[in-house]
Amino acid sequence: MELKLWLPILIVFGMAESLGTSKDWSIKVPSKIPVLQGSCVDIPCRYKYPKTKKILNRWRGFWKRGNTLVASSFPSLKLTDEFHKRTRMSGYLQSGNCSWQLFGVRTTDTGPFHFRIELPQHKSNSFLKNMVTLNVFRVPAPPIMTVAVQDKVTATCTVTHVCPSSPPKFSWNHYGKRETKSKKPANKWLWKTTSTLTFTPEESDFNKPIICTVTFFGRKTTKGSVIPSRRRVTKYGVNI
Ligand SMILES: *[C@@H]1O[C@H](CO)[C@@H](O)[C@H](O)[C@H]1NC(C)=O
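Residues numbered from 1 in each chain as written. Predicted model: local features only at pLDDT ≥ 70, side-chain atom pairs only at ≥ 80, totals over all residues. Heavy atoms only, no water.

A. Representation of the state of the cysteines. All chains considered together, the criterion is met by 3 disulfides. Between the sulfur atoms of Cys45 and its disulfide mate Cys98 the distance is 1.9 Å. Between Cys45 and Cys98, the disulfide has an S-S torsion of -75° and is therefore left-handed. Of the two residues, Cys45 is situated in the loop between strand 3 (41–43) and strand 4 (46–48) and Cys98 in the loop between strand 7 (87–88) and strand 8 (100–102); the sequence distance between them amounts to 53 residues. Considered together, Cys45 and Cys98 belong to a single accessibility category, that of buried residues. The disulfide bridge from Cys157 ends at Cys212, spanning 2.0 Å between sulfur atoms. Across the S-S bond of Cys157 and Cys212 the torsion is about -80°, and the bridge reads as left-handed. (Disulfide = S-S within 2.5 Å. Helix = DSSP H or I, 4+ residues; strand = E, 2+ residues; numbered from the N terminus. Buried < 20%, exposed > 50% of the residue type's maximum accessible area, 1.4 Å probe, protein only.)

Right, here's the structure in full:
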């Protein structure tokens, strides 16, 4: 009777003690990521294990949804049909990188997913308190666009995404110099990719929409447009 009463308290106390100290298990993963259906997601992840003097040379990493294995550090390990050939763990587990990728995202891929690490010469842990949920949406948002008119027209077209390994592709309905840049995000997962179109305008280019079409990994597309106006040019004294 007395033991039964004390046992849960001891377990809770033991767990509380094992959280948060630098000598212990810890993990950094986003808790919620919005993902476009059909596209891919790179889920960044860092973890730490309790210090040890033992020599470690074996590392086994797994991502799971409940008891279902969805990704592992052994490419040869058989996954269920649901996740077969759709996932990859590409970071170095040795250096604390537990990042993974999911391709061809389905509406059923919401998770929650958790990481499990096994160090057979030391300890193992499942990070059940730090799960990742995916918010799968079907329709991509239109791009954010800008246009500036000086002696040249400069139009930009920007989208966010979570698939930096296969960033979106851009096309414009107008000739000109094109340049695409991706920006590594502060939050580590929501990337911003911008395409910039620059051209010297002709009279016929004004007040006509410049259209940007964005194709995401998985082939879904979105469009936006901007209209360069002549008035700005007149102001700069170029085309009176
Ligand atoms: C983790 O590994 C992935 C895949 O190799 C890499 O893209 C990412 O930059 C690594 N993260 C860190 C913090 O080193």
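B. Broad picture of the nonpolar core. Judged by nonpolar contacts, the single largest core of 34 residues is most densely connected at Ile33, Val41, Tyr47, Trp63, Trp100, Phe115 and Leu134. Among the elements of the structure, strand 2 (32–36), strand 3, strand 5 (60–65), strand 6 (68–72), strand 8, strand 9 (114–118) and strand 11 (133–137) are those that each provide at least two residues to this core. Top contributing element to this core by residue count: strand 6, with 3 residues. Non-local contacts of Ile33, meaning those with residues more than four positions away in its chain, are made with Val41, Ile43, Val132, Thr133, Leu134, Asn135, Val162 and Trp189. Grouped together as the second largest cluster of nonpolar side chains are 17 residues, Cys157, Phe199, Phe206 and Val226 included. (Core = buried A, V, L, I, M, F, W, Y, C linked by side-chain atoms within 4.5 Å. Contact = heavy atoms within 4.5 Å.)

C. Local environment of the site of the ligand. Arg46, Ser90, Gly91, Asn97 and Ser99 make up every residue found near the ligand. Contacts to the ligand include Ser90, whose backbone N or O atom sits 3.3 Å from an oxygen atom. The separation between an oxygen atom of the ligand and a polar side-chain atom of Asn97 is 2.4 Å. Its residues assigned to classes, the shell around the ligand shows no nonpolar, 4 polar and 1 charged. (Near = heavy atom within 4 Å. Polar contact = N/O pair within 3.5 Å; in protein donor to acceptor, adjacent residues only side chain to side chain. Nonpolar A, V, L, I, M, F, W, Y, C, P; charged D, E, K, R; others polar.)

D. Region of interest: the packing of aromatic side chains. The final tally for this structure, using the stated rule, is 10 aromatic pairs. Centre to centre, the rings of Trp100 and Phe113 are 5.3 Å apart; their planes meet at 70°, and the pair counts as edge-to-face. Of this pair, Trp100 sits in strand 8 while Phe113 is found in the loop between strand 8 and strand 9, placing the two residues 13 residues apart along the sequence. You can call Trp100 buried: its relative accessible area is 1%. Relative to Phe127, the ring of Phe115 lies with its centre 6.0 Å away and its plane at 10°, an arrangement referred to as stacked. In this pair, Phe115 is assigned in strand 9 and Phe127 in the loop between strand 10 (124–126) and strand 11, connecting sequence segments 12 residues apart. The exposure class assigned to Phe115 is buried, which follows from its relative accessible area of 0%. (Phe/Tyr/Trp six-rings, centres within 6.5 Å; stacked < 30°, edge-to-face > 60°.)

E. The arrangement of the environment of Ser182 in detail. Turning to its location among the elements, Ser182 is positioned in strand 15 (residues 177–183). The spatial distance from the C-alpha of Ser182 to the C-alpha of Ser195 is 8.9 Å, given a sequence separation of 13 residues. Setting aside anything within four residues of it in sequence, one finds Ser182 in contact with Pro167, Trp191, Lys192 and Thr193. Side-chain polar atoms of Ser182 contact the side chain of Thr193, separated by 2.8 Å.

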